[in-house]
Amino acid sequence: MDLQKPPAEPHQPEGCLVVAIRLPVRIVVLVLVVPVRMAWDALVVTGRFLRDTLLRPLGRALLWLGQVLFVWPLVGLWRYVLVPAGRALVRLGKVLLVVPAVALYRYVLTPVGHAARWLAQGVGAGFALLYARVLTPAGHAVGWLVRYGVVVPVLWCVRYAVVVPALWLVRHLVVVPARWVYEWILAPVGRAAAWCALGSWRLLALLVTGLGTAAYWTARVLLVLPALALRRRVLVPVGRFLGVLAREVGDALGHAWRIAGHLSRAVGRFLATLFRWVFVEPVRWVYRTVLTPVGHAVRDAVLRPAAQAARAVGRATRQALASARETARQTRADVRRMLFGESRERAVRPREREAVLRREPTPLGTRTLESSTTALTNLTKD
């Protein structure tokens, strides 16, 4: 719960309207917010209790179950099935595809390619020699003959028989009349049309400017000035009032939320104390004054004797079993000795086993000052 008050803002002068609005708004908001805050705190406590006691263990159990059912089988499948199978497939592909392909490329395709390249180089050298020594001189000779023996005379004849008369006719029949029509007819008509268009454009611009100015002042007088008056005289005061009201409501909500938090914490402590004195303390008193002495009495009168008796029975059972095993072992040794005879090693081993099984302490000599085993005496002797 956030019960800390936010840092105070720099003080600003407040009017009478703010002071008149603040107290009723805070009272109304406090009355409305207290139940909401208490319900919210109750939901928070319930959610934390459910999270700590139910959801978190359930989530851990589901996580462990998911690991057991999905992760571990998939890891085992990947580690012990797919990876070995992939390695086997890689080795098989290498043996069946890569090694034959490398051998084919190295011992078949490479020699064939080298031979084909050598053959292509020889054929290309032959064609280059033929082109340089035979075809190029022949082509040059044919081109010289065509250029200076046929084309040049024909072009000169065509130039002076066709092109020059055609150009003279085009100049005197087309170009000179077209230039005269452009200079004496089209240019004056175009200048007159441009002057008319410019005058029309200026007249149209003057009309549009006048209409625009009239529309601007009409809109300003009919729309803008009333809108400015409405904003200045109505909307700005109403907005300021609504802003003050919203700010006071926000401040009232913050104060009411913190006050409701204090009330909720006090109610929670009261309920916790009530639960403690009504349920926990009686249960603790019953546990301390009734159940603990009864449990100690049951432990001392019933459980400990029963445990001692069980240990004695277990000890006797173990001794009986050890005796039975030893008897069975001796019986098998006697039967083996009767059937196969007694060798030197088998005659020595039962005596050693019997000496070990007796586990009798070895006698110690009389303890004197010289034979002391304390660390100080040993250190003095050294």
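What you are looking at is a predicted structure, and each value in this text was computed from that prediction instead of being measured.

1. Points about the overall build of the protein
Stage number 1. In terms of helices and strands, the protein carries three helices and zero strands.
Stage number 2. Expressed as a percentage of its 382 residues, the buried residues of the protein come to 6%.
Stage number 3. Looking at the protein alone, contacts between residues at least 24 apart form 75% of all its contacts between residues at least 6 apart.
Stage number 4. With an accessible surface of roughly 33,000 Å², the protein has 71% of that area assigned to carbon and sulfur atoms.

2. Comments concerning the pattern of salt bridges
Stage number 1. In this structure the tally under the stated criterion is nine salt bridges.
Stage number 2. Its salt-bridge partner being Arg-304, residue Asp-300 comes within 3.3 Å of it at the nearest N-O pair. Highlighted residues: Asp-300 and Arg-304, both in helix H1 (residues 16-340), separated by four residues, approximately one helical turn.
Stage number 3. Within the structure, one salt-bridge network assembled from shared partners comprises Arg-51, Asp-52 and Arg-56.

3. Considerations on the packing of aromatic side chains
Stage number 1. Scanning all chains against the criterion turns up two aromatic pairs.
Stage number 2. Directly above the aromatic system of Trp-277 lies the positively charged group of Arg-276, at a separation of 5.9 Å from the ring centroid.

4. So, the nonpolar core
Stage number 1. Counting seven residues, the largest nonpolar core is built from Val-25, Val-29, Val-33, Val-34, Ala-252, Ala-256 and Ala-260.
Stage number 2. Here Val-34 is in contact with Ala-260 and Leu-263, once residues within four sequence places are set aside.

5. Overview of the confidence of the model for the protein
Stage number 1. Averaged over all residues, the pLDDT of the protein equals 80, while 82% of them reach at least 70.
Stage number 2. Counted against residues more than four places away or in other chains, residues 355-365, with its pLDDT under 50, gives one contact.
Stage number 3. Here residues 374-382 is modelled with pLDDT under 50, and outside its nearest four sequence neighbours on either side it reaches six contacts, counting other chains as well.

Conventions adopted
- Residues numbered from 1 in each chain as written.
- Predicted model: local features only at pLDDT ≥ 70, side-chain atom pairs only at ≥ 80, totals over all residues.
- Heavy atoms only, no water.
- Helix = DSSP H or I, 4+ residues; strand = E, 2+ residues; numbered from the N terminus.
- Buried < 20%, exposed > 50% of the residue type's maximum accessible area, 1.4 Å probe, protein only.
- Contact = heavy atoms within 4.5 Å.
- Areas by Shrake-Rupley, 256 points an atom, 1.4 Å probe, with all protein chains shown as cover.
- Salt bridge = Lys/Arg side-chain N within 4 Å of Asp/Glu carboxyl O.
- Phe/Tyr/Trp six-rings, centres within 6.5 Å; stacked < 30°, edge-to-face > 60°.
- Lys NZ or Arg CZ within 6 Å of the ring centre and 35° of its normal.
- Core = buried A, V, L, I, M, F, W, Y, C linked by side-chain atoms within 4.5 Å.
- pLDDT = per-residue confidence, 0-100.

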